Amino acid sequence: MKYRKRNRGWFSLVALLLAGCLFSLPSVAQPQGGPPADARKELMQTLPGTTSDYWRNVQGGVTGTTSSRSPGAETLIMVQGEQWRNWRNHWVSPGGLIALGGSAAGILLFWLLVGPVKLEHPRTGRKIERWTRMDRTIHWYVASLFIILGFTGLMLLYAKWFLQPILPGGVWAAFMTAAKNIHNYLGPLFALGLLAMILKWIRHNAFNRVDLKWFAKGGGIVGKGHPQAGYLNGGEKVWFWIVTFVGLTVVISGLIADFPNFGQSRETMQITLLVHGIGALILMAASFGHIYIGTAGTEGAFEGMKTGYVDESWAKQHHDLWYHAVKDQAIDEAELEARKAGNSQTAANPTQAS
Amino acid sequence: MARMKFLCDSERCIDCNGCVTACKNANETEWGIQRRRVVTLDDGEIGKEVSISVACMHCSDAPCMAVCPTNCFYPTEDGLILHNKDTCIGCGYCLYACPFGAPQFPKQGAFGARGKMDKCTFCAGGPEADPALEAQKYGANRLKDGKLPLCAEMCSTKALLAGDAQEVSDIFRERVVYRGHRNGAWGATQQEPGLSELARQAAELATDAARS
C-alpha cells in the first residue's frame, strides 16, 4: 500500500510491465534462433519506458482491489514465495540432512572411539528411586509423540525424494495423507505433554556452580574422575533448556501452521513453517545425543527411566551429590519387588485398596 | 510443440470479471473456489486505474512444484503445470510459494484443515482417464477438443489472451507497436540515455525472472 501512495503515477506502466514481462517473456526472452541480447532489445522496444522503479514496485507487492475472497488475493505478485522456496529447498532441507547425519555420525564415531561409560564399581543391588511414575509417564508420552512427529515431519520434508519413486501412486498418496494427518492431529497433544514436562521438571534445572565445574570437565570426558553433580547434571540441564526453548518454538509455530483458519497471511505461514522446520531439525539432531547417552552410552542409565529406580553405584558415580542426599532411601531387590507388587495389587484391585 | 501461456493486456482489461465467471462456469468449481481473479490497481482514480486478470501462469520453473511434499504437480507437453488431486494432501505449501496466489483450497476438514488444492488447468483437465470423473475433479478439458481456455475465449475486449506463447506475444507486440506510434512513447528509451540504462537493467531483471 505504501508504494501506491508514493508512486501513484507509475501504476498503469507497472501493470503494462506485468502484462508484458511476466506473462509473455518466456517467448520474448527465448526467440527462435536469436541470442539473448536481441531478446533484451526486443523487450525494451516492447515496453518503452520500462525502468527499475517499476520493478521495485512489483517487488514491493503492490495491492489493489478484487472481488476474490481468497487470502492475499488483492496482492498482484507475492515475491516472498520465491524466497521461501529458496530457504526451504536450498537451506532447510539440505541443512537438516547435514544436521541429522552429522549428529548420527558424530555419535557413532564417539561410540566407536570412546565407547560407552561403564559402571566403575559393581552394582550393589540396592536401588534408589530417581523418576516417579508421573515423571516416566510424561517422559515416555512426550518421547513417543516426538518420535512419531519427527518421523512424519521428515516424511513431509524428504519422502518425495526416496519413497515416491518406489511406491505405487495410490500407496504413496495414502502414506503422505496419513503422515500429514497424524502430524497435524498429534501435534497439539505433544504440546500438552511438553508443557507438562517443562512445568514438572523446571525446578530441578536452575544452573549452579556445580554445573560450571561439570562443564569445565566436559561432563567427565576431560581430565580424570567424574565431575560432581546433583540430581541433574549440567548436560541434562542443557538438554532440558533446549527442549524448553526450541521445543516451545516448534510447538507454537506448529500450532500456527496447524490451524490455518485464523486468517494467517501467506507471509506469516512461510516464516512459521521455516521456524518450525529449523527448530524441529535442531531438536531431532540434539535428541540423537540424548537417546545415545540415555541408552547405549551410559551403563545403568536406561533403567532409571524404565523402572524408575537406579542402582546405588550408578547414582554415586554420576550424581554423587544427589546420592549423598538420598542414600538412606536406598532399598534392596526384595523391598523393591514388594513395593512393586504392592503397587500392582492396588492398581489391579482399586476397590480393595479403597 | 506449443508452449501455452496466458497474457493479460492491461490497456484493454475493463474489470468486467467476465473471465472469472466464464472460468467458474466452464469448470463448475465448488463454492469458495475462484481459479481466476481480476485485480484492479488504483481503483476509481481516473486515468490511473488499471486491471489485470490473474490465474495460474503455468510457470516454466514452477515454485508450487518445487515445494510440494508429495510431488503432485507435473508439467505437460504444452508447458502447462497440472496436478493430481489424489496425491494432494492439502498442506498449502503451493499457495505459500506461488507468486500469483493461484492455488485455491476448499475448507473441508475440521480445525481449518484444507481440502485438495484446486487451480487453473488452462482448461486442460487433469490426470483422470474417465471424462466424467475428470470433469468433476478438475473441470473442463477444452484443450483436448482443440479449444482454448474459456476465460480468454470469452474476454469481450480480448485483453486476456491464451495460447501458444509465441503467437500470444506477437499479438501483444503488434498492439504495443500500434499504440507506441500513436502516443509517441515508441523509441523514447533510445532518446534518453539515462532512462535507457534503467530500462536495460529492468529488461535484464525481467529476462532473468522469466527464465527462472
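The rules behind each value
Residues numbered from 1 in each chain as written. Chains lettered and ligands numbered in written order. Predicted model: local features only at pLDDT ≥ 70, side-chain atom pairs only at ≥ 80, totals over all residues. Helix = DSSP H or I, 4+ residues; strand = E, 2+ residues; numbered from the N terminus. Buried ≥ 20, exposed ≤ 12 C-beta atoms within 10 Å, placed from the backbone. Contact = placed C-beta atoms within 7 Å. Core = buried A, V, L, I, M, F, W, Y, C linked by C-beta atoms within 7 Å. Expected span 1.5 Å × (residues − 1). Axes fitted to C-alpha atoms, helices over the stretch in contact; angles between N-to-C directions. Parallel < 35°, antiparallel > 145°, perpendicular 65-115°, else oblique. Left-handed = near helix turned anticlockwise from the far one by under 90°. Nonpolar A, V, L, I, M, F, W, Y, C, P; charged D, E, K, R; others polar.

## A short note on the overall build of chain B
Then step 1. The secondary structure content of chain B amounts to eight helices and six strands.
Then step 2. Beginning at the N terminus, the succession of helices and strands in chain B can be written as β-α-β-β-α-β-β-α-α-α-β-α-α-α.
Then step 3. Sorting the 212 residues of chain B into buried and exposed places 47% on the buried side.
Then step 4. For chain B, the share of sequence-separated contacts (at least 6 apart) that also reach a separation of at least 24 residues comes to 53%.

## Describing unusual backbone geometry
Residue and element names in this part refer to chain B.
Then step 1. Located in the positive-phi region is D15, a residue other than glycine, with phi close to 55°.
Then step 2. Positionally, D15 belongs in the loop between β1 (4-8) and α1 (18-27).
Then step 3. A positive phi angle, close to 50°, is found at E28, a residue other than glycine.
Then step 4. With 11 C-beta atoms packed within 10 Å, E28 lands in the exposed category.

## Some details on the nonpolar core
Then step 1. Grouped together as the largest cluster of nonpolar side chains are 73 residues, with contacts concentrated most on I52, C64, I81, C94, A97, C151 and L160 of chain B.
Then step 2. Not counting residues up to four positions away in its chain, the partners in contact with C94 of chain B are C64, V67, C68, P103 and M117 of chain B.
Then step 3. If you look at the next biggest cluster of nonpolar residues, it comprises 14 residues, including V142, L194, V251 and M284 of chain A.

## Considerations on the environment of R114 of chain B
Then step 1. As for its placement among the helices and strands, R114 of chain B is situated in the loop between α3 (93-97) and α4 (131-138).
Then step 2. Exposure remark for R114 of chain B: the 20 C-beta atoms within 10 Å place this residue in the buried category.
Then step 3. The residues touching R114 of chain B, leaving out its near neighbours within four places in the chain, are P260 of chain A together with G90, G92, F105, K107 and G109 of chain B.

## Concerning helix α10 (residues 266-294) of chain A
Think of an α-helix as 3.6 residues a turn; residues three or four steps apart then line up on the same face.
Then step 1. For α10 of chain A, built from 29 residues, the straight-helix expectation of 42 Å at 1.5 Å per residue is met to within 8% by its first-to-last C-alpha distance of 41 Å.
Then step 2. Within α10 of chain A the residues assigned to the buried category are M269, Q270, T272, L273, H276, G277, I278, G279, A280, L281 and M284 of chain A.
Then step 3. Packing partners of the buried residues in α10 of chain A comprise α5 (80-113), α6 (133-162) and α9 (234-258) of chain A together with α3 of chain B.

## Quick notes on the packing of helix α7 (residues 169-201) of chain A against α9 of chain A
Residue and element names in this part refer to chain A.
Then step 1. The contact between α7 and α9 brings their axes to 10 Å, and the two run at 150°. One element, α7, and the other, α9, form an angle in the roughly antiparallel class. Crossing of α7 over α9 shows left-handed handedness. Taking contact as the criterion, the partners of N184, G187, P188, F190, A191, L194, I198 and W201 in α7 are, on α9, F240, T244, G247, V251, G254, L255 and D258.
Then step 2. Classifying every residue of the contact of α7 with α9 gives nine nonpolar, five polar and one charged.

## Here's the deal with the environment of A178 of chain A
Residue and element names in this part refer to chain A.
Then step 1. Tracing the sequence through the fold places A178 in helix α7.
Then step 2. Among the residues examined, A178 registers 13 C-beta atoms within 10 Å and is labelled partly exposed.
Then step 3. A178 sits 114 residues away from G64 along the chain, and the two C-alpha atoms are 39 Å apart.

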